[in-house]
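What follows is the residue order along each chain.
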Amino acid sequence: DLRPMNMSAAHIVTEFILLGFPGCWEIQIFLFSLFLVVYALTLMGNGAIICAVKWDPRLYTPMYFLLGNFAFLEIWYVSSTVPNMLVNILSKTKAISFSGCFLQFYFFFSLGTAECLFLAVMAYDRYQAICHPLHYPIIMTRRLCGTLVSLCWLTGFLGYPIPIFFISQLPFCGPNTIDHFLCDMDPLMALSCAPAPITEFIFYTQSSLVLFFTITYILRSYTLLLRAVFQIPSTAGRRKAFSTCGSHLTVVSLFYGTVMVMYVSPTYGISALMQKILTLVYSIMTPFLNPLIYSLRNKDMKLALRNVLFGRRISQNS
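Residues numbered from 1 in each chain as written. Predicted model: local features only at pLDDT ≥ 70, side-chain atom pairs only at ≥ 80, totals over all residues. Heavy atoms only, no water.

Asker: It is not clear to me how a nonpolar patch on the surface should be interpreted in this structure. Could you clarify?
Answerer: A cluster of nonpolar side chains, Trp25, Ile29 and Leu90, forms an exposed patch at the surface whose accessible area comes to about 280 Å². Within the secondary structure, Ile29 sits in helix α2 (residues 25–55). Look at Ile29 and you get partly exposed, because its relative accessible area is 34%. (Patch = residues over 30% accessible without salt bridge, like charges linked within 9 Å, V, L, I, M, F, W, Y side chains within 5 Å. Areas by Shrake-Rupley, 256 points an atom, 1.4 Å probe, with all protein chains shown as cover. Salt bridge = Lys/Arg side-chain N within 4 Å of Asp/Glu carboxyl O. Helix = DSSP H or I, 4+ residues; strand = E, 2+ residues; numbered from the N terminus. Buried < 20%, exposed > 50% of the residue type's maximum accessible area, 1.4 Å probe, protein only.)

Asker: Sorry, what's going on with the nonpolar core here?
Answerer: In summary, soluble globular proteins display a tendency toward joint burial of nonpolar side chains. Ranked by size, the top nonpolar core spans 98 residues in total, and within it Phe16, Phe105, Tyr256, Tyr263 and Met301 carry the most contacts. Looking at which element gives the most residues to this core, the answer is helix α5 (residues 98–131), with 18 residues. The contact partners of Phe105, leaving out residues within four places of it in the chain, are Ile164, Ile167, Cys183, Asp184, Met185, Leu188 and Phe203. (Core = buried A, V, L, I, M, F, W, Y, C linked by side-chain atoms within 4.5 Å. Contact = heavy atoms within 4.5 Å.)

Asker: Any chance you could explain the side chain of Ser221 here in plain terms?
Answerer: Relative to the helices and strands, Ser221 is located in helix α10 (residues 197–230). With residues up to four places along the chain from it excluded, the contact list for Ser221 reads Ala123 and Tyr127.

Asker: What am I meant to see in the sheet that holds strand β3 (residues 177–178) here?
Answerer: The strands making up a sheet associate through backbone hydrogen bonding, with each pair oriented either parallel or antiparallel. One open sheet accounts for three strands, arranged β2-β1-β3; its pairing is mixed. Each edge of the sheet is formed by a strand with only one pairing partner; in this case those strands are β2 (95–97) and β3. Sheet topology places strand β1 (residues 15–18) next to β3; two bridges connect them, and they run parallel. Its bridge partner being in β3, Ile17 is matched across the sheet by Thr177. Those strands touched by α5 are β1, β2 and β3, and its axis lies near 85 degrees from that of β2. (Pairing = 2+ DSSP bridges. Axes fitted to C-alpha atoms, helices over the stretch in contact; angles between N-to-C directions.)

Asker: How should the packing of aromatic side chains be read in this particular structure?
Answerer: Centre distance and the angle of the planes are the two values used to describe a pair of aromatic rings. The final tally for this structure, using the stated rule, is 30 aromatic pairs. Their ring planes at 90 degrees and their centres at 6.2 Å tell us that Phe255 and Tyr282 sit as a pair that is edge-to-face. Residue Phe255 is located in helix α11 (residues 235–263), and its partner Tyr282 is located in helix α12 (residues 272–296); the two are separated by 27 residues in the primary sequence. With relative accessibility at 1%, the residue Phe255 sits in the buried group. In this structure, Lys92 is placed above the aromatic ring of Trp25, and the distance from its NZ or CZ to the ring centre is 5.2 Å. Stacked on the ring of Phe21, the Lys or Arg Lys276 has its end atom at 5.7 Å from the ring centre. (Phe/Tyr/Trp six-rings, centres within 6.5 Å; stacked < 30°, edge-to-face > 60°. Lys NZ or Arg CZ within 6 Å of the ring centre and 35° of its normal.)

In structure tokens form, the structure reads like this:
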């Protein structure tokens with residue numbers, strides 16, 4: 001009888017094989033070098049933003065407080081995937097332990113959810129600053145900013161332990177090969193020996209609701225905001241409003257555009273390579289480009305970053 005054997009085999013999988021980006025050794029070395037440079041620049045860029053917000057008195061405003069926290073989140077978000085991916089590229093076995101795989105899955109989704117919430121909070125901040133400039137200092141107090149940031153982190157990290165725990169309890173009796181560079185929902189569910197439609201439904205509903213509500217709120221905020229910008233009489237004022245909002249909208253488009261394709265549309269029609277590329281864009285390229293997007297379009301941030309990168313004496317002497 002095969003049934004008892006299957007039950008005993010249910011917990012045979014103690015590790016998963018992450019295929020990553022297969023190819024000859026030269027390609028692997030090229031990818032390793034590329035991702036290592038991107039990771040180092042991401043840490044430096046976002047780290048510089050955190051230091052600029054902390055040290056420059058001109059940046060003691062709600063917008064920069066949120067941006068500093070967002071940069072801190074980006075460092076953690078990129079660190080949930082890239083270090084393991086770098087080890088995996090050089091590894092002969094390309095193995096990740098069962099618990100390591102689910103821990104990465106948890107952190108990747110929790111930090112991604114926190115990112116969605118942060119982008120919504122930043123849209124709220126820009127909306128208040130442009131649509132209600134007189135009430136803005138009264139509304140966006142340091143206490144409210146601290147509360148909103150804490151809620152983003154808490155909601156992100158408290159939303160996923162239960163569904164991910166239930167997924168980890170599913171029987172995985174082999175094969176254990178994941179054609180991806182990280183532990184993601186679709187590949188893990190495909191490897192489970194028993195179907196779990198309810199768990200899958202809860203997980204996807206939760207992810208879709210977070211994406212839907214945050215993107216709807218962001219689009220609504222920017223619609224009202226752009227209406228207000230067009231009513232600004234001075235061209236200089238209009239340009240300044242566009243530059244601060246333009247950078248935020250660029251990040252939102254890049255992040256949500258790829259995430260929506262991955263988690264809202266059915267992924268059955270998307271090839272494994274395309275899934276990897278889309279995941280690379282929102283999980284690695286967005287944190288990498290954020291410092292560039294925010295600093296290139298912002299005079300105060302450019303000045304503060306120059307002071308951080310080329311010595312704080314400049315700001316003290318001027």
